[in-house]
Amino acid sequence: MTAGFDYKRRVLAYADRISVRPGDEVAFKVSLEDHERFDFKVVRVVNGVETPTGAPYKEVEVETAADGSYPGGFQRIDAGSYAVVPGSPALDRLASFTFQCYLMPTLPGDGRQAICSRGSGPKRPGFAVILDDRGALALMIGDGKDLVTVSTNVPMLPWKWAFVSASYDAQTGEVELWQEPDERYVTIDSFAHVTGEAPRGAVFAADHDLHLAGWQVGVHEDGRPRMAGLFNGRIDSPRLASKVVVCHEMSKLARTIPPRAAWVLGAWDFSRDMSGDSIVDVSGNNLHGHLVNLPARAVTGYHWDGSCHDWTSKPEHYAAIHFHDDDLHDAGWQTSVTLTVPEDLKSGVYAGRFRAGDDEAYVPFYVRTAKGTKKKAIAFLGSTATYMAYSNNHWQLDEEKAEVKRGRIIAYTGDELFLNERRDLGLSTYDSHRDGSGVMYASRLRPVVLNFNPKSIIWSFNADTHVTDWMEAEGFDFDVVTDEDIHAEGVSALEGYKVIVTGAHPEYWSTPMWDALTAYFDRGGRMMYLGGNGFYWRIGWNADLTAIEIRRAESGARFWASLPGEYHQSFTGEMGGLWKRIGRPPQSLVGIGTFATGFDRCGWFERAEGADNPRASWIFEGVSDGPIGNYGVLGNGAAGIELDGVDHALGSPLDTIVLARSTGHSAYYMQSPDEIVFNHAAVNGDANPRVRADMIYYTLPSGAGMFATGSISWAASLGHNGYDNDVSRITANVLTRFANEEPLP
Amino acid sequence: MYKIDPAKTELAREFKDKPFGPHSAELQKVLNVMRWEPVEGKYVLVNTVPHKEWCLAQLPGKRGIPVKLHEDVKFTDLGEAEWYIFKMRWKKHTGQDLALD
């Protein structure tokens, strides 16, 4: 830490659930540094944004039986992915052995990295097939006294496949290593075949797990394994044999279905159980294992030849797992406080608040109505998948062009400085791993200090509190429901509501979420989409793993790109990427879809021809002529950051009424990449008519109604001038009408 | 590639007057050059007092290494901070101090 400015977060926390009903339990996990106790309180988050000019920050304390002071301490996070094969008698009998696999290291030479290991560290008997400090294949044999390492001393090449094999003859002590790259060069050759000597008759420690992509060097006090040497890269078709395997046997052993020989101990097929976190042994010994920290699956393997781009059709081409030493899934902390949601707690946005001295943390959660109780006419939609996708975002710290994209000097918050140093808190789906590969998974079973908490920047969760704060200030009663609920329960989660109000950025949607929303509209449901860049990316949501998956396929506003052949999600098998590219543009769901992005300053709206349409003119009652929304706490304007527009070819209803269009966008606003099929010089906001937001209204034959603003910064203008402004008036006019039983004009 | 011409001080003056734009096409080119720098050592700001105070800082260029704060250089106005860093970058790219007035 740098002296002076104190940005250290000494209280970190997360919860097992984020959407609950009265009577449900929420388990909060808390970690403390420099404190021994913390105070717990539930607060209703009214406005999570702290700005000097906008609506004031507001939280309301709620009494619950869980209120009070709790003991606490530091809870560790073990980032980095690997596979565990539990100890078994078959492994205990191991003496001579061969390990082989196809290997694509992505950070060879970046520290010692284990590929396959069994043992408890240098002083204990065990073995480890590793890449040594130089990135060369090596085998470590320890008999409890001596630890011998035999290395090829030839560095492997980054991002290149190779066949590797390491064997140990317990009788003679001979070690043999094969390192056979697929690609050979005139001046660079990473081929190696080496033999060496290790202690004879090493007796490996019994009853010990086998690890792939990591090395267990001990046990923490809490019983969890202490891992080291985590591997970065892909492993395909790992095989373990109980003898020294010779050449022709190696090729047989490498087959998808290995030979039924007594010496085949383990043959793991990573193309099995692709959607889960187990690894399957097909040798017949059933040495099945599990994965820790969500390494990347459904990635191209050694056998991928470009003939297939969907792993479900040729899974054998996808028998690789990509491990990263900065993957994180479940922090696995002990529960510190268990809250039973009070029976009389009204539906809304809440947070657990954890305070110790001057330090604090918040963990948001949503409380829905109790089952069987009458719903209100209005439901606010918590876009939790989007909050997860942005959680702990590092892109401004690691991305070379961050300032070029933003169009101004980056001003970091203390939370970003803290995140930069606590890399074990895990990455966001906007980040790349250390080896340059994109982050495809995001879990909420970890502490989040950016983008899913109040008192944070105006983005994601926090930006959406502008909407709920405004509804409360203007006297609109509402329930809350989350996208996670919609995924799990379908349209029934939305039934009974006259109108669903979104936040500023409902960007990430699973297929079940999308289908449920379609069904809601088919039943006459109404929506106010008060944001931009909504319904943009398809995700896979894995309820068992409490994680989302995103493939940055083909096109779109991306911070990294999925590799060829890797557009299909491991969780679902579905093609990931943009809903537009999948054939369901956002315009076909909500009338508008992403046109442009820009991050320096925001523009405003000007009335369009539809403002005078008799079916829609009521929306402007009480609204002054002239610019709409040339103010706000996000970029000083209601039209900005990410902008959506009408395109009938992409599915906007033909009778969509365009109420207003945005203007005033700078050269740092540009058409979204998916809007451009060939680059040209006029993609900027000062030259391109499609760099704009369309504010729209339409109804459907079902009685459904849609009002959409197409701008992320709209919500951040609602609180201007004590909520007395045209952005507020327009939104209130629509919400009043949409919440009413009367048919829409 | 566009090179910043130290003689074109009128572009610097334009930036000083309107650090947040809109900017002329040529000033935009100057800014594109200045803003696309390697992460290591890049000048940035840290918001040390929310909405009130920003401190000059430099990115480490390596994950996990603390951002270097220059606590002797603080700003209460983001436009002033933009101008301060603009002048440093002008010197870096042209080899000349930026002398206006």
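Residues numbered from 1 in each chain as written. Chains lettered and ligands numbered in written order. Predicted model: local features only at pLDDT ≥ 70, side-chain atom pairs only at ≥ 80, totals over all residues. Heavy atoms only, no water.

## Here we look at the overall build of chain A
- Broken down by element type, chain A carries 12 helices and 44 strands.
- Over its C-alpha trace chain A gives a radius of gyration of 28 Å, about what one expects of a compact globule, namely 27 Å for 745 residues.
- Judged by the C-alpha coordinates and their principal axes, chain A covers about 90 × 60 × 50 Å.
- A buried classification covers 64% of the 745 residues belonging to chain A.
- Considering only contacts in chain A between residues 6 or more positions apart, those separated by 24 or more positions represent 72%.
- Summing over all exposed atoms, chain A offers an accessible surface of approximately 25,400 Å²; the carbon and sulfur share of this is 49%. (Helix = DSSP H or I, 4+ residues; strand = E, 2+ residues; numbered from the N terminus. Rg over C-alpha atoms; globule rule 2.2 N^0.38 Å. Buried < 20%, exposed > 50% of the residue type's maximum accessible area, 1.4 Å probe, protein only. Contact = heavy atoms within 4.5 Å. Areas by Shrake-Rupley, 256 points an atom, 1.4 Å probe, with all protein chains shown as cover.)

## Details of the sheet that holds strand 2 (residues 53–58) of chain B
- In space, the 4 strands of this open sheet follow the order 29(A)-1(B)-2(B)-3(B), with mixed pairing throughout. The open sheet has two edge strands, strand 29 (411–412) of chain A together with strand 3 (68–75) of chain B, and neither has a second partner.
- Bridging between strand 2 of chain B and strand 3 of chain B involves 5 bridges; their strand directions are antiparallel. In the sheet register, Gln58(B) faces strand 3 of chain B, and the bridge partner there is Lys68(B). (Pairing = 2+ DSSP bridges.)

## Here we look at the interface of chain A and chain B
- At the junction of the two partners, chain A supplies 34 residues and chain B supplies 33 residues.
- Taking both sides of the interface into account, the surface hidden between chain A and chain B amounts to around 2,800 Å²; carbon and sulfur atoms contribute 56%.
- It is Glu400(A), Ile409(A) and Tyr412(A) in chain A that bury the most area against chain B; as a group they hold 21% of the surface buried on that side.
- At the boundary of chain A with chain B, the tally comes to 4 salt bridges.
- The residue Arg89(B) makes a salt bridge to Glu403(A) at a minimum N-O spacing of 2.7 Å. (Buried area = accessible area lost by both parts, 1.4 Å probe. Salt bridge = Lys/Arg side-chain N within 4 Å of Asp/Glu carboxyl O.)

## Some remarks on the packing of aromatic side chains
Residue and element names in this part refer to chain A.
- By the definition in use, this model includes 42 aromatic pairs over all chains.
- Judged by centre distance (5.4 Å) and plane angle (70 degrees), the rings of Tyr-430 and Phe-559 are edge-to-face. Taken together, the residues span a long stretch of sequence, with Tyr-430 in the loop between helix 6 (414–421) and strand 30 (441–443) and Phe-559 in the loop between strand 36 (547–550) and strand 37 (577–578) at a distance of 129 residues.
- A relative accessible area of 24% places Phe-559 in the partly exposed class.
- An aromatic cluster is defined as three or more aromatic residues linked by ring pairs; in this entry it consists of Phe-28, Phe-38, Phe-40, Tyr-70, Tyr-350, Phe-354 and Phe-365.
- For Lys-243, the ring lying beneath its charged end belongs to Trp-263, and the centroid distance is 4.7 Å. (Phe/Tyr/Trp six-rings, centres within 6.5 Å; stacked < 30°, edge-to-face > 60°. Lys NZ or Arg CZ within 6 Å of the ring centre and 35° of its normal.)

## Quick word on empty space enclosed by the protein
Residue and element names in this part refer to chain A.
- In total, this model carries 11 cavities of 30 Å³ or more according to the counting rule given.
- In this structure, the largest cavity occupies an estimated 180 Å³ of space.
- In terms of lining residues, the largest cavity is bounded by 18 residues, among which Ala-13, Tyr-14, Val-363, Arg-446 and Val-448 are the most central.
- Counting residues per element, the ones that place at least two in the lining of the largest cavity are strand 1 (11–15) and strand 27 (359–367).
- By residue number, the principal contributor to the lining of the largest cavity is strand 1, which donates 5 residues.
- Across the lining of the largest cavity, the residue classes tally to 14 nonpolar, 1 polar and 3 charged.
- Along the wall of the second largest cavity there are 18 residues; nearest its centre are Asp-327, Leu-328, His-433, Val-439 and Tyr-441.
- Top element by residues in the lining of the second largest cavity is strand 30. It accounts for 3 residues. (1 Å grid on protein atoms, 1.4 Å probe; cavity = no way out; pocket = protein on both sides within 12 Å on 5 of 7 lines; lining within 4 Å. Points joined across faces, edges and corners; volume = space filled by probe spheres on them. Nonpolar A, V, L, I, M, F, W, Y, C, P; charged D, E, K, R; others polar.)

## Some remarks on the confidence of the model for chain B
Residue and element names in this part refer to chain B.
- In the predicted model, chain B carries a mean pLDDT of 95, and 99% of its residues have values of at least 70.
- Here helix 2 (residues 25–35) is the element of chain B with the lowest mean pLDDT, 95, and strand 2 is the one with the highest, 98.
- At the level of chain-chain contacts, confidence expressed as ipTM amounts to 0.97, with global pTM at 0.97. (pLDDT = per-residue confidence, 0-100.)

## Examining the nonpolar core
All names here are of chain A.
- If you look at the biggest cluster of nonpolar residues, it comprises 116 residues, and the most contacted ones within it are Met-471, Ile-619, Phe-707 and Trp-714.
- Element by element, the count of residues in this core is highest for helix 9 (residues 511–522), at 7 residues.
- Excluding residues that lie within four positions of it along the chain, Ile-619 makes contacts with Leu-659, Tyr-697, Phe-707, Ile-730, Asn-733 and Val-734.
- Core analysis: the next-biggest nonpolar cluster, separate from the first, contains 48 residues, Tyr-82, Tyr-168, Val-194 and Leu-265 among them. (Core = buried A, V, L, I, M, F, W, Y, C linked by side-chain atoms within 4.5 Å.)

## Observations regarding the packing of helix 1 (residues 9–17) of chain B against helix 3 (residues 78–94) of chain B
Residue and element names in this part refer to chain B.
- Where helix 1 contacts helix 3, the axes come no closer than 10 Å and their chain directions differ by 160 degrees. The angle between helix 1 and helix 3 places the two elements in the roughly antiparallel class. The handedness of the crossing between helix 1 and helix 3 comes out as right-handed. Each of Thr-9, Ala-12, Phe-15 and Lys-16 in helix 1 lies in contact with helix 3, whose residues at this interface are Glu-82, Trp-83, Phe-86 and Trp-90.
- When its residues are assigned to classes, the contact of helix 1 with helix 3 shows 5 nonpolar, 1 polar and 2 charged. (Axes fitted to C-alpha atoms, helices over the stretch in contact; angles between N-to-C directions. Parallel < 35°, antiparallel > 145°, perpendicular 65-115°, else oblique. Left-handed = near helix turned anticlockwise from the far one by under 90°.)

## Regarding the pairing of strand 4 (residues 37–47) of chain A
Residues and elements named next belong to chain A.
- Most of strand 4 is tucked away, with 9 of its 11 residues classed as buried.
- Taken together, the 4 bridges between strand 4 and strand 6 (residues 68–71) define a ladder with antiparallel strand orientation. Note that in strand 6 the partner of Asp-39 across the bridge is Ser-69.
- Relative to strand 26 (residues 348–356), strand 4 runs antiparallel, the two being bridged by 6 bridges. Bridging from a neighbouring strand, Arg-44 pairs with Tyr-350 of strand 26.
- Bridge count between strand 4 and strand 5 (residues 58–62): 5 bridges; the pairing is antiparallel.

## Quick notes on the packing of helix 1 of chain B against helix 2 of chain B
All names here are of chain B.
- Contact geometry of helix 1 with helix 2 gives a least axis separation of 10 Å together with a crossing angle of 85 degrees. The orientation of helix 1 relative to helix 2 falls into the category roughly perpendicular. Only Glu-26, Leu-27, Val-30, Leu-31 and Arg-35 of helix 2 make contact with helix 1, whose side of the interface consists of Leu-11, Glu-14 and Phe-15.
- Here the residues of the contact of helix 1 with helix 2 are counted per class, giving 5 nonpolar, no polar and 3 charged.

## Quick word on the environment of Ser652(A)
Residues and elements named next belong to chain A.
- Of note, Ser-652 is situated in the loop between strand 40 (642–645) and strand 41 (657–663).
- The class for Ser-652 is buried, based on a relative accessible area of 3%.
- Sequence-distant contacts of Ser-652, defined by excluding residues within four places in its chain, comprise Gln-587, Gly-591, Val-646 and Asp-647.

## Here we look at helix 12 (residues 726–738) of chain A
All names here are of chain A.
- Counted at 1.5 Å a residue, the expected span for helix 12 with its 13 residues is 18 Å, and the 18 Å between its end C-alpha atoms agrees.
- By the burial criterion, the buried members of helix 12 are Asp-726, Val-727, Ser-728, Ile-730, Thr-731, Ala-732, Val-734, Leu-735 and Phe-738.
- Packed against the buried residues of helix 12 are strand 28 (378–382), helix 7 (460–473), strand 32 (499–501), strand 34 (526–529), strand 43 (694–699) and strand 44 (705–708).
- A side-chain oxygen of the first residue of helix 12 lies 2.9 Å from the backbone nitrogen of Val-727; this N-cap is Asn-725. (Expected span 1.5 Å × (residues − 1). Polar contact = N/O pair within 3.5 Å; in protein donor to acceptor, adjacent residues only side chain to side chain.)

## What to know about the sheet that holds strand 25 (residues 337–340) of chain A
Residue and element names in this part refer to chain A.
- If you walk across this open sheet you meet the 3 strands as 1-3-25, and the pairing is antiparallel. With one partner strand each, in any of the chains shown, strand 1 and strand 25 form the two edges of the open sheet. On average, each strand axis in the sheet is inclined to that of its neighbour by 25 degrees, with strand direction left out of account.
- As judged from the 4 bridges shared by strand 3 (residues 25–32) and strand 25, these two strands associate in the antiparallel manner. From the neighbouring strand, Glu-25 faces strand 25, where its bridge partner is Thr-340.

## Quick notes on the environment of Val633(A)
Residue and element names in this part refer to chain A.
- Mapped onto the elements of the fold, Val-633 is located in the loop between strand 39 (604–607) and strand 40.
- For the pair Val-633 and His-322, spaced 311 residues apart in sequence, the C-alpha separation works out to 42 Å.
- What Val-633 contacts, discounting residues up to four positions off in sequence, is Thr-51, Thr-53, Gly-54, Ile-458, His-466 and Ala-716.

## Points about the pattern of salt bridges
Residue and element names in this part refer to chain A.
- Inspection of every chain in the model, using the stated rule, returns 62 salt bridges over all chains.
- For Glu-33, the salt bridge goes to Lys-8, with nearest N and O atoms at 3.4 Å. In this pair, Glu-33 sits in the loop between strand 3 and strand 4 while Lys-8 sits in the segment before strand 1, placing the two residues 25 residues apart along the sequence.
- Among the ionic pairs, Asp-24 bridges to Arg-17, the shortest N-O distance being 3.5 Å.
- Since its relative accessible area comes to 23%, Asp-24 is described here as partly exposed.
- A residue is classified by how much of its surface remains accessible, and Arg-17, at 31% relative accessible area, is partly exposed.

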